[in-house]
Amino acid sequence: MRVNDLEWDTIDRVVDVNLYGTLHMIKAYLTHLHERPEAHITNISSMGGFLPVQGQAIYGATKAAVRLLSEGLYSELRDTDVGVSVVMPGGVSTEITANSGVEVPAGAGSAEESRLPVTSPEDAARIIVDGIVDGKLHIYVGKDSVAMNLATRVAPKRATHLIQRQMKAFLS
């Protein structure tokens, strides 16, 4: 939904789950992780955390905040035995929308019906685990995430317009 159409309780829920949920988990476990010989924090952002998506501005803002929080935490923990990664998945066929209780606009199909590339949950898991093992700070999941990350760096307005055209059907 567009920002102007969102109720405050919806905005608060998205911020609470996406940003504060991540922050609460970090604060709850970080002291314990320092006591281990080796540990790793992996936070989940989104492709929406670096690419503005029409109708998902609040979601994207919270996922960008998770990305920046993770990058700041990585910097703070560089000289410790606690690693940090932030995952930025694109489309993954998990049925997350159907299982989230979020109302899906009429005509909006599932990830499996999308013309955009989607990653299987198994492939996503492998990419994430490999990224953690390799000590990557940023882990991009899916060809769409890799491509759009590059596109937003090279031509941010053009990338935004491309996504806006893709999402237009969801907002009409």
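Please refer to the structure placed before this passage.
Residues numbered from 1 in each chain as written. Predicted model: local features only at pLDDT ≥ 70, side-chain atom pairs only at ≥ 80, totals over all residues. Heavy atoms only, no water.

Draft legend 1. Examining helix α4 (residues 121-133) more closely. For α4, which comprises 13 residues, the first-to-last C-alpha distance of 18 Å matches the rise-based estimate of 18 Å (1.5 Å per residue) to within 8%. One or two steps after α4, the chain reaches G135, where phi turns positive at roughly 70°. (Helix = DSSP H or I, 4+ residues; strand = E, 2+ residues; numbered from the N terminus. Expected span 1.5 Å × (residues − 1).)

Draft legend 2. Expanded view of helix α1 (residues 8-34). Its 27 residues place the ends of α1 37 Å apart at the C-alpha level, agreeing with the 39 Å of an ideal helix rising 1.5 Å per residue. In the structure, α1 departs most strongly from a straight axis at Y20, where the bend amounts to approximately 40°. The set of residues buried in α1 consists of I11, N18, T22, I26, L30 and L33. Here the buried face of α1 lies against β1 (39-44), α2 (57-77) and β2 (82-89). (Bend = angle between axes of the 7 residues up to and from the residue. Buried < 20%, exposed > 50% of the residue type's maximum accessible area, 1.4 Å probe, protein only. Contact = heavy atoms within 4.5 Å.)

Draft legend 3. Seen up close, the nonpolar core. Listed in full, the ten residues of the largest apolar core are M47, F50, L51, V53, V86, M88, M148, A159, I163 and M167. The element that contributes the greatest number of residues to this core is helix α6 (residues 156-171), accounting for three residues. Those residues in contact with A159 that lie beyond four places of it in its chain are L51, M148, A151 and T152. With nine residues, the next largest nonpolar core counts L30, L33, A39 and V82 among its residues. (Core = buried A, V, L, I, M, F, W, Y, C linked by side-chain atoms within 4.5 Å.)

Draft legend 4. Up close: the packing of aromatic side chains. A full pass over the atoms with the stated rule returns one aromatic pair. Where F50 meets Y140, the ring centres are 5.9 Å apart and the plane angle is 75°; that geometry is what we call edge-to-face. In this pair, F50 sits in the loop between β1 and α2 while Y140 sits in strand β3 (residues 138-141), placing the two residues 90 residues apart along the sequence. On the basis of relative accessibility, which here comes to 14%, the residue F50 falls in the buried class. (Phe/Tyr/Trp six-rings, centres within 6.5 Å; stacked < 30°, edge-to-face > 60°.)

Draft legend 5. Just the pairing of β1, in detail. The two faces of β1 differ: A39, I41 and N43 on one face are buried, but H40, T42 and I44 on the other face are not. By the bridge criterion, six bridges tie β1 to β2 in an arrangement that is parallel. Within the sheet, the bridge partner assigned to H40 lies in β2 and is G83. (Pairing = 2+ DSSP bridges.)

Any functional reading would require information that these geometric values do not contain.
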